[in-house]
Amino acid sequence: MTPKEAVDYAKQNNARVIDLKFMDLLGSWQHFSVPTSELEEGLFEDGLGFDGSSIRGWQAINNSDMLVIPDPATTIMDPFMKHPTVSMICNIVDPITKEKYSRDPRNIAQKAEAYLKSTGIGDTAYFGPEAEFFIFDNIQYDSTTNESFYSIDSEEGTWNTGSDEGPNLGHKPRHKEGYFPVAPSDTLQDIRSEMMLTMEQVGMAMECHHHEVATGGQCELAMRFTSLVDCGDKLMWYKYIVKNIAKAHGKTATFMPKPMYGDNGTGMHTHQSIWKDGKPLFAGNSYAGFSEMGMHYIGGILKQANAICAFTNPTTNSYKRLVPGFEAPVNLAYSSRNRSASIRIPMYSPSPKAKRLEIRFPDPSCNGYLAFATMLMAGLDGIQNKIDPGEPLDKNIYSLGPEELANIPTLPHSLEGSIQALEDDHEFLLKGDVFTQDVIDTWIDYKRENEVDPSRLRPTPLEFQMYYDC
């Protein structure tokens, strides 16, 4: 929409409220709302002010004034509000210089798209994330000076097979058999359908939904691929809709990568490809029908994977998922069809338009704008430097012997390791001023001070179990 069309849309839908959404550096949507009397075409140029010092990872208190500039193309009715509410996703600008804010994740994603075009390699990068999540019936947690605990409950949980639920009606998915039993074992069909239909209501193209492998309510809704920034927008709508519909049903949804011990974690396998002038560039005559350019893109991802993880797997909990044996690949290799490799070339269709790669190690705790931009920049670096990805690995990695495994590089074992890798090598992200040094430094400092160090300092219940009597 144009600004005028956005204003007209609000009037046609009898909107009473305009909700302005934007993202903090870490990846959570923030918002504030204004009455429709404030909605004029000038708003899309002049913006509205807010305190940037109160947003995680943003401005200092002595330099806090910022502006939100709504993007009219993102105008849609919010499906959850009691009063008719138009939602708009905003860009952040400096109120004095009117320059886009370097720490605004959406701005970084926009710069990544612009950089792709500037290289002449392609004009569109398509991304298709498969964001999994859990739907629980109850969650309790706390961490204080003298106490630390969490407790999860789900009517689908295998731990409830012997519970007195008044009555227990059985039909719990067996351990690691959540993919794809029908009702009554799958209790979440109607909730997922409501999520999918609501996503279509806000303009998202959806493909399917289903229960995932883990017990305890693991699910996935597949959305159709789209361009980088648009995909970042839609991933935020995806999370917003999943959480709100779960809550409306008296349940809770989480995108935490590893909320349950001993069962599958939650990943976000991310399909991606580059196109130019309406033609796919990853289709060719190399391995698995890939082009030389596509192979070099894979080479760039494999080379920079450890640093990429700082954005695609950005939580301490991410690395409780990235362990062997749960379909989350820790070994850096590529293959066709083989889902134990960290990069897969899907073979569902012979069509050149379907030719893409799937990066399997990201998880949905990430900031989508930053994760997609990081992967694109690494892939472009691989194309520009013609990085050879080496030979494919078509064997099941988890069945390899120690000698074969010794030659396969692995992902970091912790957030601390991925942050260190990012600090050691991030030049590929600075090209085209897509990421600034300030953004890299802020990300590293925030993660160390607010996540890595607190996690290292706190004893866990498991440590009491293992060490209390030492």
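Residues numbered from 1 in each chain as written. Predicted model: local features only at pLDDT ≥ 70, side-chain atom pairs only at ≥ 80, totals over all residues. Heavy atoms only, no water.

Here we take up the overall build of the chain. A tally of helices and strands in the chain yields 13 helices and 18 strands. Taken against the 2.2 N^0.38 rule, which gives 23 Å for 470 residues, the C-alpha radius of gyration of the chain at 23 Å falls within 12% of a compact globule. Along the three orthogonal principal directions, the C-alpha set of the chain runs to about 60 × 60 × 50 Å. Restricting the contact set of the chain to residue pairs at least 6 apart, pairs at least 24 apart contribute 69%. Split by element, the accessible area of the chain, about 21400 Å² in all, is 50% carbon and sulfur. Here the chain carries 42 positive and 64 negative side-chain charges, and the mean point of each set is 4 Å from the other. (Helix = DSSP H or I, 4+ residues; strand = E, 2+ residues; numbered from the N terminus. Rg over C-alpha atoms; globule rule 2.2 N^0.38 Å. Contact = heavy atoms within 4.5 Å. Areas by Shrake-Rupley, 256 points an atom, 1.4 Å probe, with all protein chains shown as cover. Lys, Arg positive; Asp, Glu negative; His and termini not counted. Charge placed at Lys NZ, Arg CZ, Asp CG, Glu CD.)

Taken N-terminus to C-terminus, the directions of helix H4 (residues 189-201) and helix H5 (residues 228-248) make an angle of 140°; their axes are 10 Å apart at the nearest point. As far as their axial angle goes, H5 and H4 are oblique. As for the relative orientation of H4 and H5, their crossing is right-handed in sense. Touching Ile 191, Glu 194, Met 195, Thr 198 and Met 199 of H4 are Tyr 238, Ile 241, Val 242, Ile 245 and Ala 246, all from H5. (Axes fitted to C-alpha atoms, helices over the stretch in contact; angles between N-to-C directions. Parallel < 35°, antiparallel > 145°, perpendicular 65-115°, else oblique. Left-handed = near helix turned anticlockwise from the far one by under 90°.)

This paragraph deals with the environment of Val 34. Among the secondary structure elements, Val 34 is positioned in strand E2 (residues 29-35). Overall, Val 34 belongs to the buried group, its relative accessible area being 12%. Separated by 111 residues in the primary sequence, Val 34 and Thr 145 have C-alpha atoms spaced 41 Å apart. Excluding its chain neighbours within four sequence positions, the residues that come into contact with Val 34 are Val 17, Ile 18 and Leu 48. (Buried < 20%, exposed > 50% of the residue type's maximum accessible area, 1.4 Å probe, protein only.)

Right, let's get into the side chain of Thr 374. Checked against the element boundaries, Thr 374 lands in helix H8 (residues 368-384). Polar contacts involving the side chain of Thr 374 include one to the main-chain carbonyl oxygen of Leu 370, which spans 2.7 Å. Setting aside residues up to four positions removed in sequence, Thr 374 forms contacts with Ile 308, Phe 311, Phe 428, Leu 429 and Phe 435. (Polar contact = N/O pair within 3.5 Å; in protein donor to acceptor, adjacent residues only side chain to side chain.)

Moving on, we get to the pairing of strand E7 (residues 124-136). Where burial is concerned, most of E7 is hidden: twelve out of the 13 residues are buried. By the bridge criterion, eight bridges tie E7 to strand E14 (residues 268-276) in an arrangement that is antiparallel. Its bridge partner lying in E14, Tyr 126 is registered against Ser 273. Inspection of the sheet shows E7 paired to strand E11 (residues 218-223) by three bridges, in the antiparallel sense. Its bridge partner lying in E11, Phe 133 is registered against Cys 219. (Pairing = 2+ DSSP bridges.)

So, about helix H1 (residues 3-12). Inspection of H1 places Ala 6, Val 7, Tyr 9 and Ala 10 among the buried residues, and these make up the whole buried set. Down the axis, H1 shows its buried residues gathered within 155° of arc, on one side only. Exposed and oriented more than 90 degrees from the buried face of H1 are Lys 11 and Gln 12. Check the buried side of H1 and you find it contacts strand E1 (17-23), helix H2 (43-46), strand E5 (76-77) and strand E6 (85-93). (Arc of directions from axis to C-beta.)

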